[in-house]
Amino acid sequence: MSPADAPQRRPADARTRVHRLARLMDSSIRLPGGIRIGVDGLIGLVPVVGDLAAAGASFYIVAQAAHAGVPARVLARMVLNVALDTLVGAIPVLGDVFDVAFKANLRNARLMDAYLDRSAPH
(Lines give C-alpha, C1' and ligand atoms only; values in the text may rest on other atoms or scores of the structure.)
Protein backbone atom coordinates (compact mmCIF):
# COMPACT_ATOMS: atom_id res chain seq x y z
CA MET A 1 0.00 0.00 0.00
CA SER A 2 1.49 3.34 -1.00
CA PRO A 3 1.28 6.39 1.29
CA ALA A 4 -1.33 7.88 -1.07
CA ASP A 5 -3.52 4.80 -0.52
CA ALA A 6 -3.16 4.84 3.26
CA PRO A 7 -6.23 6.03 5.15
CA GLN A 8 -5.95 9.56 6.48
CA ARG A 9 -5.76 9.87 10.24
CA ARG A 10 -8.55 11.92 11.64
CA PRO A 11 -8.00 14.31 14.56
CA ALA A 12 -10.78 12.52 16.47
CA ASP A 13 -8.84 9.24 16.27
CA ALA A 14 -5.67 10.96 17.48
CA ARG A 15 -7.61 12.55 20.34
CA THR A 16 -8.89 9.17 21.44
CA ARG A 17 -5.41 7.64 21.42
CA VAL A 18 -3.85 10.66 23.14
CA HIS A 19 -6.45 10.89 25.90
CA ARG A 20 -6.36 7.16 26.58
CA LEU A 21 -2.56 7.16 26.92
CA ALA A 22 -2.44 10.45 28.87
CA ARG A 23 -4.93 9.12 31.44
CA LEU A 24 -3.01 5.84 31.73
CA MET A 25 0.29 7.66 32.21
CA ASP A 26 -0.88 10.45 34.53
CA SER A 27 -4.09 9.60 36.40
CA SER A 28 -5.14 5.96 36.09
CA ILE A 29 -4.50 4.98 39.72
CA ARG A 30 -6.40 6.48 42.64
CA LEU A 31 -4.48 6.55 45.92
CA PRO A 32 -6.00 7.01 49.37
CA GLY A 33 -6.85 10.65 49.90
CA GLY A 34 -8.05 11.10 46.32
CA ILE A 35 -4.59 11.62 44.84
CA ARG A 36 -4.34 10.27 41.31
CA ILE A 37 -1.13 8.99 39.79
CA GLY A 38 -0.45 7.09 36.63
CA VAL A 39 1.93 4.54 35.25
CA ASP A 40 4.45 7.37 34.72
CA GLY A 41 4.73 7.77 38.49
CA LEU A 42 5.31 4.06 38.97
CA ILE A 43 7.77 3.37 36.17
CA GLY A 44 9.59 6.58 37.10
CA LEU A 45 10.62 4.83 40.31
CA VAL A 46 12.99 2.70 38.22
CA PRO A 47 16.06 4.90 37.72
CA VAL A 48 16.92 5.91 34.14
CA VAL A 49 15.06 3.09 32.35
CA GLY A 50 11.70 4.05 33.83
CA ASP A 51 12.17 7.72 33.02
CA LEU A 52 13.20 6.92 29.43
CA ALA A 53 10.21 4.58 28.96
CA ALA A 54 7.86 7.28 30.26
CA ALA A 55 9.46 9.84 27.93
CA GLY A 56 8.92 7.46 25.00
CA ALA A 57 5.20 7.23 25.76
CA SER A 58 5.06 11.00 26.14
CA PHE A 59 6.69 11.53 22.75
CA TYR A 60 4.12 9.19 21.21
CA ILE A 61 1.50 11.71 22.35
CA VAL A 62 3.44 14.51 20.65
CA ALA A 63 3.69 12.42 17.46
CA GLN A 64 -0.07 11.81 17.48
CA ALA A 65 -0.66 15.55 17.84
CA ALA A 66 1.64 16.19 14.86
CA HIS A 67 -0.30 13.65 12.77
CA ALA A 68 -3.54 15.41 13.76
CA GLY A 69 -2.21 18.67 12.30
CA VAL A 70 -1.13 20.52 15.44
CA PRO A 71 1.33 23.26 14.38
CA ALA A 72 5.02 23.38 15.29
CA ARG A 73 4.63 26.12 17.91
CA VAL A 74 2.17 23.98 19.92
CA LEU A 75 4.28 20.85 19.37
CA ALA A 76 7.31 22.76 20.68
CA ARG A 77 5.44 23.57 23.89
CA MET A 78 4.44 19.93 24.19
CA VAL A 79 8.07 18.83 23.76
CA LEU A 80 9.11 21.31 26.47
CA ASN A 81 6.54 19.74 28.82
CA VAL A 82 7.98 16.28 28.11
CA ALA A 83 11.56 17.50 28.54
CA LEU A 84 10.75 19.19 31.86
CA ASP A 85 8.90 16.11 33.09
CA THR A 86 11.79 13.87 32.07
CA LEU A 87 14.58 16.03 33.47
CA VAL A 88 12.97 16.84 36.79
CA GLY A 89 11.50 13.34 36.98
CA ALA A 90 15.02 11.90 36.92
CA ILE A 91 15.84 13.53 40.27
CA PRO A 92 15.32 10.95 43.03
CA VAL A 93 12.28 11.60 45.28
CA LEU A 94 11.73 15.21 44.10
CA GLY A 95 11.18 13.93 40.57
CA ASP A 96 8.61 11.41 41.72
CA VAL A 97 6.65 14.11 43.55
CA PHE A 98 6.94 16.36 40.50
CA ASP A 99 5.59 13.60 38.21
CA VAL A 100 2.48 13.27 40.38
CA ALA A 101 1.85 17.03 40.35
CA PHE A 102 2.90 18.14 36.85
CA LYS A 103 1.10 15.54 34.68
CA ALA A 104 2.81 16.46 31.39
CA ASN A 105 0.75 14.04 29.31
CA LEU A 106 -2.59 15.44 30.42
CA ARG A 107 -1.22 18.96 29.82
CA ASN A 108 -0.21 17.95 26.31
CA ALA A 109 -3.61 16.39 25.63
CA ARG A 110 -5.22 19.70 26.64
CA LEU A 111 -2.83 21.66 24.38
CA MET A 112 -3.76 19.44 21.44
CA ASP A 113 -7.47 19.79 22.22
CA ALA A 114 -7.24 23.56 22.50
CA TYR A 115 -5.65 23.84 19.06
CA LEU A 116 -7.99 21.34 17.38
CA ASP A 117 -11.07 22.98 18.96
CA ARG A 118 -10.00 26.42 17.70
CA SER A 119 -9.23 25.18 14.20
CA ALA A 120 -12.34 23.00 13.77
CA PRO A 121 -14.89 24.28 11.26
CA HIS A 122 -17.91 25.76 13.02
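Residues numbered from 1 in each chain as written. Predicted model: local features only at pLDDT ≥ 70, side-chain atom pairs only at ≥ 80, totals over all residues. Heavy atoms only, no water.

Chemist: Any chance you could break down the overall build of the protein for me, citing the residues and the numbers?
Modeler: Across its full length, the protein holds 6 helices and 2 strands. In the protein, the succession of α and β elements from N to C terminus is α-β-β-α-α-α-α-α. Structurally, the protein occupies a C-alpha span of about 45 × 30 × 25 Å along its principal axes. When the 122 residues of the protein are sorted by exposure, 38% land in the buried category. Looking at the protein as shown, the accessible area adds up to about 7100 Å², and 67% of this sits on carbon and sulfur atoms. One finds the centroid of the 14 positive side-chain charges in the protein at a distance of 7 Å from the centroid of its 10 negative side-chain charges. (Helix = DSSP H or I, 4+ residues; strand = E, 2+ residues; numbered from the N terminus. Buried < 20%, exposed > 50% of the residue type's maximum accessible area, 1.4 Å probe, protein only. Areas by Shrake-Rupley, 256 points an atom, 1.4 Å probe, with all protein chains shown as cover. Lys, Arg positive; Asp, Glu negative; His and termini not counted. Charge placed at Lys NZ, Arg CZ, Asp CG, Glu CD.)

Chemist: Before we move on, can you summarise the nonpolar core with the specific residues and values?
Modeler: Formed by 22 residues in total, the largest nonpolar core has its most connected members in Ile61, Ala65, Val70, Leu75, Met78, Met112 and Leu116. Contributions of two or more residues to this core are made by helix H1 (11-27), helix H3 (49-67), helix H4 (72-89) and helix H6 (104-119). In this structure, Met112 is in contact with Ala14, Arg15, Val18, Ala65 and Val70, ignoring residues within four places of it in sequence. (Core = buried A, V, L, I, M, F, W, Y, C linked by side-chain atoms within 4.5 Å. Contact = heavy atoms within 4.5 Å.)

Chemist: Lay out a nonpolar patch on the surface with the relevant residues and their values.
Modeler: Taken together, the side chains of Val46, Val48, Val49 and Leu52 present a nonpolar region at the surface, about 380 Å² in accessible area. Tracing the sequence through the fold places Val49 in helix H3. Note on Val49: relative accessible area 58%, which makes it exposed. (Patch = residues over 30% accessible without salt bridge, like charges linked within 9 Å, V, L, I, M, F, W, Y side chains within 5 Å. Salt bridge = Lys/Arg side-chain N within 4 Å of Asp/Glu carboxyl O.)

Chemist: I'd like to hear about H6, residue by residue, with values.
Modeler: The end-to-end C-alpha separation of H6 is 23 Å, in line with the 22 Å expected for 16 residues at 1.5 Å each. For H6, the complete set of buried residues consists of Ala104, Asn105, Leu106, Asn108, Ala109, Leu111, Met112, Asp113, Tyr115 and Leu116. Where H6 is buried, its residues touch H1, helix H2 (39-43), H3, H4 and helix H5 (94-102). (Expected span 1.5 Å × (residues − 1).)

Chemist: Got a sec to walk through the pattern of salt bridges? Specific residues and values, please.
Modeler: Applying the stated criterion across every chain yields a total of 2 salt bridges. Salt-bridge contacts for Arg15 lead to Asp113; the nearest nitrogen and oxygen are separated by 3.2 Å. Here Asp113 lies in helix H6 and Arg15 lies in helix H1, a separation of 98 residues in the sequence. Take Asp113: its relative accessible area is 14%, and that puts it in the buried class. Three or more residues are tied together by salt bridges with common partners; here these are Arg15, Asp113 and Asp117.

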